[in-house]
Amino acid sequence: MYRSLSLFAMGKIFSKKHHSTKKQPENSSERSRRYEIQGESSQQHVAKTYQRAHADGILTLCPVLDGKILSGGQDKTVVLYDWKAGKKEFAWNLHSRDISRVCYGQTKEVILSGSRDTTIKACRLGQGDSFLDIKAHDLIVSALDLSPDNERCVSGSRDNYMKLWDLTTGKLIAENAIAQNLITDVKWSRDDRCIVQASEDKEIKVWDSRSLKVVRQFPRKQYIQTSCDISSDGRSVLTTSNGFQGNGCEATLWDLGEGKLVREFNGHQQTVACGRFLSSSGEGELVITVSNDSSIRVWNKNCEDSLVYHSLGGAGTLTSIAVYDDDR
């Protein structure tokens, strides 16, 4: 499963929130790190050197074509990183506070970033300035995703608001607020029919992508829902939970059409920060999760046992993971 191991390597490079008390060298932003990656056809470890992506913890990831990835960090920057070459390609300094979300739209080659500074910025690959600046919310932009045609985006915040934006004009299309709906993540369906949203109110909501009205609510979970994803066939939803010492700490598979719980995946010992669907393989349909317990797990969608467990001991909190389609 080389593709999964590639994702693990990215976890080592990108997906950790690490604070060090040691004095850093003068050129710490350019310092390289070495990690060992095990390939599928050999049991030998091959050392690969990676340039540091950020000066502080990384909070969010998004895949881009050709082995490139977007990352957003506590250093207020968005970085385009070539993880195959192990180096930065471009960096944007557009926000005044932490970057909470990054998105990439292939159709329009647009990059979106949301921040704790409450704004959304839109820019393009290779261009340093933003072409759109939106004062989106009263609090942190905690969730962000693009429509399939890249003409609109949806944002969510701890201010309880879901908002739809026109990316040509920057104007607000629709908004809706629900009391205590502190939004943690959103995912736009590939068929453009709905938007799935996770929340600190422990509930998953499905919104009509045109009217921005709730059309379905899943049964409430026991713990805060930290992330959500929609399968490529549009039939299933994956969500993840916070938790402590193995209580909570699960990923949950849902039937999107019926809003029913299908299966829970248990094994992480701390908050599961992010979960994503993987394309089908010889093992069947897979999902992948990363956790504050510094571990990554791959699960078969049709059973409760994890197929792969990989611990990044000492890496600290794993905050995000990016998944590429098999043909990229």
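In this report, the structure presented in the accompanying data block is examined. (Residues numbered from 1 in each chain as written. Predicted model: local features only at pLDDT ≥ 70, side-chain atom pairs only at ≥ 80, totals over all residues. Heavy atoms only, no water.)

1. Brief notes about the overall build of the protein
The secondary structure content of the protein amounts to one helix and 30 strands. Looking at the protein as a whole, 54% of its 328 residues are labelled buried. Considering only intrachain contacts with a sequence separation of at least 6, the fraction spanning at least 24 residues in the protein is 44%. Summing over all exposed atoms, the protein offers an accessible surface of approximately 14,900 Å²; the carbon and sulfur share of this is 42%. (Helix = DSSP H or I, 4+ residues; strand = E, 2+ residues; numbered from the N terminus. Buried < 20%, exposed > 50% of the residue type's maximum accessible area, 1.4 Å probe, protein only. Contact = heavy atoms within 4.5 Å. Areas by Shrake-Rupley, 256 points an atom, 1.4 Å probe, with all protein chains shown as cover.)

2. What to know about the environment of S227
Inspection of the secondary structure assignment puts S227 in strand β20 (residues 225–230). Taking the C-alpha atoms as reference, S227 lies 5.5 Å from T239; in sequence the two are twelve residues apart. Only 3.2 Å separates the side chain of S227 from the backbone nitrogen of G275, close enough to count as a polar contact. (Polar contact = N/O pair within 3.5 Å; in protein donor to acceptor, adjacent residues only side chain to side chain.)

3. A short note on the nonpolar core
Formed by 14 residues in total, the largest nonpolar core has its most connected members in L112, I120, L146 and C153. Looking at this core, the element that brings in the most residues is strand β12 (residues 141–146), giving three residues. Setting aside its immediate chain neighbours within four residues, L146 contacts C103, Y104, G105, V110, L112, R152, C153, L167 and W188. With 13 residues, the next largest nonpolar core counts I288, I296, V298 and V308 among its residues. (Core = buried A, V, L, I, M, F, W, Y, C linked by side-chain atoms within 4.5 Å.)

4. Points about the pattern of salt bridges
Tallied over the full model, the rule gives 18 salt bridges. Measuring nitrogen to oxygen at the nearest pair gives 3.7 Å for the salt bridge that ties K187 to D229. Of the two residues, K187 sits in strand β16 (residues 183–188) while D229 sits in strand β20, which places them 42 residues apart along the sequence. Among the residues examined, D229 registers a relative accessible area of 5% and is labelled buried. Because the salt bridges share partners, they merge into one network encompassing D201, E203, K205 and R220. (Salt bridge = Lys/Arg side-chain N within 4 Å of Asp/Glu carboxyl O.)

5. Overview of the packing of aromatic side chains
Taken as a whole and assessed by the stated rule, the structure comprises four aromatic pairs. An angle of 50° between the planes, with centres 5.9 Å apart, marks the rings of W83 and Y324 as tilted. Of this pair, W83 sits in the loop between β6 (78–82) and β7 (87–92) while Y324 sits in the segment after β30 (317–318), placing them 241 residues apart in sequence. The pair formed by W83 and Y324 is uniform in burial state, with each residue classed as buried. Taking the ring centre of F131 as reference, the NZ or CZ of R124 above it sits at 4.3 Å. Sitting over the face of the ring of Y161, K163 holds its NZ or CZ atom 5.3 Å from the ring centroid. (Phe/Tyr/Trp six-rings, centres within 6.5 Å; stacked < 30°, edge-to-face > 60°. Lys NZ or Arg CZ within 6 Å of the ring centre and 35° of its normal.)

6. A closer look at the pairing of strand β9 (residues 110–115)
Of all six residues in β9, six are buried; the element is thus mostly enclosed. Burial along β9 is two-sided: V110, L112 and G114 facing one way and I111, S113 and S115 facing the other are all buried. Bridge count between strand β8 (residues 99–105) and β9: six bridges; the pairing is antiparallel. Paired with V102 across the two strands is S113, which belongs to β9. Hairpin remark: β8 followed by β9, antiparallel, with four residues in the connecting loop; positive phi at E109, about 50°. (Pairing = 2+ DSSP bridges.)

7. Observations concerning the sheet that holds strand β14 (residues 161–166)
Reading across from one edge, β12-β13-β14-β15 is the order of the four strands in this open sheet, with antiparallel pairing throughout. Strands with a single pairing partner mark the edges of an open sheet, and in this sheet they are β12 and β15 (172–177). Within the sheet, the average angular offset between the axes of one strand and its neighbour, ignoring direction, is 15°. Sheet analysis places β14 next to β15, joined by five bridges and oriented antiparallel. Bridge pairing links M162 to N176 in β15. (Axes fitted to C-alpha atoms, helices over the stretch in contact; angles between N-to-C directions.)

8. Topic: the sheet that holds strand β17 (residues 194–199)
Strands sit in the order β16-β17-β18-β19 across an open sheet of four strands; the sheet is antiparallel. Both outer strands of the open sheet, β16 and β19 (214–217), are each paired with one neighbouring strand and no more. Strand-to-strand twist of the sheet, defined as the mean angle between neighbouring strand axes without regard to direction, takes the value 25°. Pairing analysis gives four bridges linking β17 to strand β18 (residues 205–208), with the strands arranged antiparallel. Residue I195 lies in a different strand from β18, and its bridge partner there is W207.

9. A short note on the side chain of D192
In this fold, D192 is placed in the loop between β16 and β17. The exposure class assigned to D192 is buried, which follows from its relative accessible area of 15%. Those residues in contact with D192, other than ones at most four positions away along the chain, are P148, R152, S209 and R210.

10. Quick look at unusual backbone geometry
Phi at E109 takes a positive value of approximately 50°, unusual for a residue other than glycine. Residue placement: E109 occurs in the loop between β8 and β9. Taking the relative accessible area as the measure of exposure, E109 reaches 46% and is therefore partly exposed. Within the chain, C249 stands out as a residue other than glycine whose phi angle is a positive 60°. Tracing the backbone shows C249 in the loop between β23 (247–248) and β24 (251–255). Residue C249 is classed as buried on the basis of its relative accessible area, which comes to 0%.

Nothing here speaks to function; it is geometry throughout.
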